[in-house]
Amino acid sequence: MQDRKLEQALDIYFGREPDRETKEFQDAQKYLKLRIRPAMEFLIEKEDTEGMEQLENCGWFSAKELESFIRCAREKAKLRSLVWLLHLKDRKYGYQKKDFSL
């Protein structure tokens, strides 16, 4: 049942032109925010990098969760998702090159 509810929330949230003012959209947003891990794992399984990007843009997860998503993509052998997550990690948390010249 939870998977069905999660899918419904994602469908509402990623609707073609969601009306962000509706109670239905706000409920879906609240549900997804509280269940970001299963939502991202669902998207990883589907290799829906566009959906993953939309959720990432919400700012609902940190570096710790990102590491668990990377691990999930590796374990499930979801290459497209893994590559996208690794690029995200590099973009957000990658090291800055230092100039070591003297």
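Along each chain, residue indices are assigned from 1 in the same order as the chain's sequence is written. Since the coordinates come from a predicted model, pLDDT governs what is reported: local features require at least 70, and pairs of side-chain atoms require 80 or more to be given and counted, while whole-chain, interface and lining totals use all residues. With hydrogens and water set aside, each side-chain value is computed from the structure's full complement of heavy atoms.

A.B. asks: It is not clear to me how the side chain of Lys78 should be interpreted in this structure. Could you clarify?
C.D. replies: Mapped onto the elements of the fold, Lys78 is located in the loop between α5 (63-75) and α6 (79-93). Working definition: with a 1.4 Å probe on protein chains only, accessible area under 20% of the residue-type maximum means buried, over 50% means exposed, and in between means partly exposed. Here Lys78 falls in the buried class, since its relative accessible area comes to 18%. Numbered from the N terminus, helices here are DSSP runs of H or I no shorter than four residues, and strands are runs of E no shorter than two.

A.B. asks: Before we go on, may I ask you to explain the nonpolar core in this structure?
C.D. replies: Across soluble globular proteins, nonpolar side chains have a tendency to be buried as a group. Residues enter a nonpolar core if they are buried and are Ala, Val, Leu, Ile, Met, Phe, Trp, Tyr or Cys, with the set joined through side-chain atoms within 4.5 Å. Ranked by size, the top nonpolar core spans 26 residues in total, and within it Leu32, Met40, Ile44, Met52, Leu55, Phe61 and Leu85 carry the most contacts. Elements that contribute at least two residues to this core include exactly α1 (2-13), α2 (23-34), α3 (36-46), α4 (49-57), α5 and α6. What makes two residues a contact is simply this: any of their non-hydrogen atoms within 4.5 Å. Contacts of Ile44, omitting those with residues within four sequence positions, involve Met52, Phe69, Cys72, Ala73, Lys78, Ser81 and Leu85.

A.B. asks: I would appreciate a short explanation of the pattern of salt bridges in the present structure.
C.D. replies: Between side chains of opposite charge, a pair can form as their charged atoms come close. Between Lys or Arg on one side and Asp or Glu on the other, a salt bridge is scored when a side-chain nitrogen of the former is within 4 Å of a carboxyl oxygen of the latter. Applying the stated rule across the entire model yields six salt bridges. Where Lys76 meets Glu45, a salt bridge forms, and the shortest distance between an N and an O atom there is 3.3 Å. With a gap of 31 residues between them, Lys76 in the loop between α5 and α6 and Glu45 in helix α3 connect regions that are remote in the sequence. In this structure, Lys92 engages Glu56 in a salt bridge whose closest nitrogen and oxygen atoms are separated by 3.0 Å. Taken together, the residues Lys92 in helix α6 and Glu56 in helix α4 connect sequence positions 36 residues apart. With relative accessibility at 38%, the residue Lys92 sits in the partly exposed group. By relative accessible area, Glu56 is classed as buried at 8%. Salt bridges sharing common partners tie together Glu45, Lys76 and Lys78.

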